[in-house]
Amino acid sequence: MADRPLTLMAVHAHPDDEATGTGGVLARYAAEGIRTVLVTCTDGGCGDGPGGAKPGDPGHDPAAVAAMRRRELEASCEVLKVSHLELLEYADSGMMGWAANDAPGSFWRTPVEEGAARLAELLRRYRPDVVVTYDENGFYGHPDHIQANRITMAALELTGMTPKVYWTTAPHSAMRRMGEVMREFGSDRGEPDPSEAAALPEIGLPDEEITTWVDTTAFGGRKFDALAAHASQGENIFFLKMGKERFTELMGVETFVRVQDATGAAVPENDLFAGLR
């Protein structure tokens with residue numbers, strides 16, 4: 001430990017994911033002097049283009065969208081004071097079932113061993129004490145999130161490294177509050193058909209299964225600004241509609257489930273680095 005700083009590595013799928021799920025911890029731990037490393041796996045080319053153009057629409061150029069989103073990602077990292085940004089630059093696979101899933105170079109189509117080998121190089125370079133990524137379902141079933149989980153866990157196995165490992169999640173109580181707020185702000189997302197809802201995986205975990213609750217309230221404004229840096233995707237970022245104060249109230253605690261630990265730190269815990277300092 002004497003020859004390197006404490007290090008947090010977050011492995012995310014797309015530009016803007018770093019702010020949504022981990023913007024608070026990235027900002028908080030950077031402020032505490034911890035080195036923060038963000039690995040972004042895809043180029044985000046399936047995001048919205050100018051004027052909200054969707055993939056396949058006239059005016060949607062995936063290469064131009066990717067270039068724009070890289071600039072936004074760099075701006076977000078500046079807001080969050082991320083120490084190091086690493087880009088794997090796989091092609092965005094789009095939502096599950098899209099043709100982009102199987103496009104040449106897509107992250108979803110990439111063999112896990114290939115992605116894991118590249119991530120393993122970064123693990124060996126930075127030797128993180130804490131690694132954060134998604135759960136096995138990518139939180140809500142997005143193919144690139146699932147693939148990020150797969151390559152992260154495979155890379156850890158490949159290196160034999162034993163950092164504390166966390167998967168992002170949300171307590172069911174927070175999901176209920178989110179639903180209430182979305183209705184309050186006039187979200188037009190209707191209730192799913194019951195048969196469709198039954199087929200969907202449950203998002204988040206019961207509150208009692210959350211191992212780690214990190215208070216990031218002091219960095220709520222910074223997390224909001226990091227999301228706002230991804231202006232091209234504003235139509236898809238519901239949280240920007242509520243303003244900083246309400247956003248911080250709703251998103252001021254980031255929650256995780258700990259899946260690997262060699263410190264013996266007791267759970268529930270309120271610090272990803274519990275047992276390390």
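Residues numbered from 1 in each chain as written. Predicted model: local features only at pLDDT ≥ 70, side-chain atom pairs only at ≥ 80, totals over all residues. Heavy atoms only, no water.

By the naming in an unreviewed UniProt entry, the protein chain goes by PIG-L family deacetylase and is assigned to Kitasatospora aburaviensis.

Novice: Sorry, what's going on with the packing of aromatic side chains here?
Specialist: Two aromatic rings, taken as a pair, are described by how far apart their centres are and by the angle between their planes. Evaluation of the coordinates by the stated rule reveals five aromatic pairs. On the numbers, 6.1 Å between centres and 70° between planes, the contact of Tyr166 with Phe256 is edge-to-face. Placement of the pair is Tyr166 in strand β5 (residues 164–169) and Phe256 in strand β7 (residues 253–260), with a sequence separation of 90 residues. Like Tyr166, the residue Phe256 is buried in the burial classification. Centre to centre, the rings of Phe224 and Phe247 are 5.4 Å apart; their planes meet at 75°, and the pair counts as edge-to-face. Here Phe224, found in helix α8 (residues 220–228), pairs with Phe247, found in helix α9 (residues 243–251); they are 23 residues apart in sequence, far enough to count as distant. Phe247 carries the same exposure label as Phe224, and that label is buried. The structure contains a cluster of three or more aromatic residues connected by ring pairs, namely Phe224, Phe239 and Phe247. (Phe/Tyr/Trp six-rings, centres within 6.5 Å; stacked < 30°, edge-to-face > 60°. Helix = DSSP H or I, 4+ residues; strand = E, 2+ residues; numbered from the N terminus. Buried < 20%, exposed > 50% of the residue type's maximum accessible area, 1.4 Å probe, protein only.)

Novice: For this particular structure, what's the right way to read the packing of α8 against α9?
Specialist: Between α8 and α9, the shortest axis-to-axis distance is 9 Å and the interhelical angle comes to 110°. Classified by the angle between their axes, α8 and α9 sit roughly perpendicular to one another. For the crossing formed where α8 meets α9, the hand is right-handed. Residues Gly220, Gly221, Lys223, Phe224, Asp225 and Leu227 of α8 form the contact with α9, whose own contacting residues are Gly243, Lys244, Phe247, Thr248 and Met251. Of the residues contributing to the contact of α8 with α9, the split by class is four nonpolar, four polar and three charged. (Axes fitted to C-alpha atoms, helices over the stretch in contact; angles between N-to-C directions. Parallel < 35°, antiparallel > 145°, perpendicular 65-115°, else oblique. Left-handed = near helix turned anticlockwise from the far one by under 90°. Contact = heavy atoms within 4.5 Å. Nonpolar A, V, L, I, M, F, W, Y, C, P; charged D, E, K, R; others polar.)

Novice: Just checking my understanding: could you explain the pairing of β7 for this structure?
Specialist: Along any regular strand, the residues point their side chains to alternate faces of the sheet. Note that β5 and β7 share five bridges and pair antiparallel. By the bridge assignment for β7, Thr168 is matched with Phe256. (Pairing = 2+ DSSP bridges.)

Novice: Just to check I follow, could you spell out the environment of Val257 for this structure?
Specialist: Residue placement: Val257 occurs in strand β7. Separated by 88 residues in the primary sequence, Val257 and Thr169 have C-alpha atoms spaced 6.7 Å apart. Each residue touching Val257, except ones within four places of it in the same chain, is listed here: Val165, Tyr166, Trp167, Thr169, Leu205, Glu209 and Thr211.

Novice: Looking at this structure, how should I read a nonpolar patch on the surface?
Specialist: On the surface, Met95, Trp98, Tyr140, Met175 and Ile203 cluster together into a nonpolar patch covering about 410 Å² of accessible area. Residue position: Ile203 is located in the loop between α7 (194–199) and β6 (212–215). Assessed through its relative accessible area of 30%, Ile203 is described here as partly exposed. (Patch = residues over 30% accessible without salt bridge, like charges linked within 9 Å, V, L, I, M, F, W, Y side chains within 5 Å. Areas by Shrake-Rupley, 256 points an atom, 1.4 Å probe, with all protein chains shown as cover. Salt bridge = Lys/Arg side-chain N within 4 Å of Asp/Glu carboxyl O.)

Novice: Explanation requested: the packing of helix α1 (residues 17–31) against helix α2 (residues 62–80) in the structure shown.
Specialist: A pair of packed helices is captured by two measures, namely the crossing angle of their axes and the spacing between those axes. Packing of α1 against α2 leaves a shortest axis separation of 9 Å and a crossing angle of 35°. On the side of α1, the interface is formed by Glu18, Ala19, Gly23, Leu26, Ala27 and Ala30, while α2 contributes Leu73, Ser76 and Leu80. Of the residues assigned to the contact of α1 with α2, the class counts are six nonpolar, two polar and one charged.

Novice: Got a minute to help me understand the pairing of strand β3 (residues 84–90) in this structure?
Specialist: Note: strand β2 (residues 35–42) against β3, five bridges, orientation parallel. Bridge assignment links Leu38 to a residue of β3, and that residue is Leu85.

Novice: What should I look at first to understand the nonpolar core in this one?
Specialist: For soluble globular proteins, nonpolar side chains are generally found buried alongside one another. Counting 35 residues, the largest nonpolar core has Leu8, Tyr29, Phe239, Leu272 and Phe273 as the members making the most contacts within it. At the level of elements, β1 (7–12), α1, α2, β4 (130–133), α6 (172–184), α8 and α9 are the ones that each hand at least two residues to this core. A total of five residues in this core trace back to one element, the largest contributor, which is α1. Filtering out sequence-adjacent residues up to four positions away, Phe273 remains in contact with Leu6, Thr7, Leu8, Tyr29, Ile34, Asp129, Val130 and Lys164. Tyr90, Phe107, Ala120 and Tyr126 belong to the second largest nonpolar core, which has 25 residues in total. (Core = buried A, V, L, I, M, F, W, Y, C linked by side-chain atoms within 4.5 Å.)

Novice: Can you help me understand the pattern of salt bridges in this one?
Specialist: Between side chains of opposite charge, a pair can form when the charged atoms approach closely. For the structure on display, the rule yields 16 salt bridges. We note a salt bridge from Glu89 to Arg70, for which the minimum N-O separation is 3.4 Å. On the criterion of sequence distance, the pair formed by Glu89 in strand β3 and Arg70 in helix α2 is long-range, its members being 19 residues apart. On the accessibility criterion, Arg70 (39% relative accessible area) is partly exposed.

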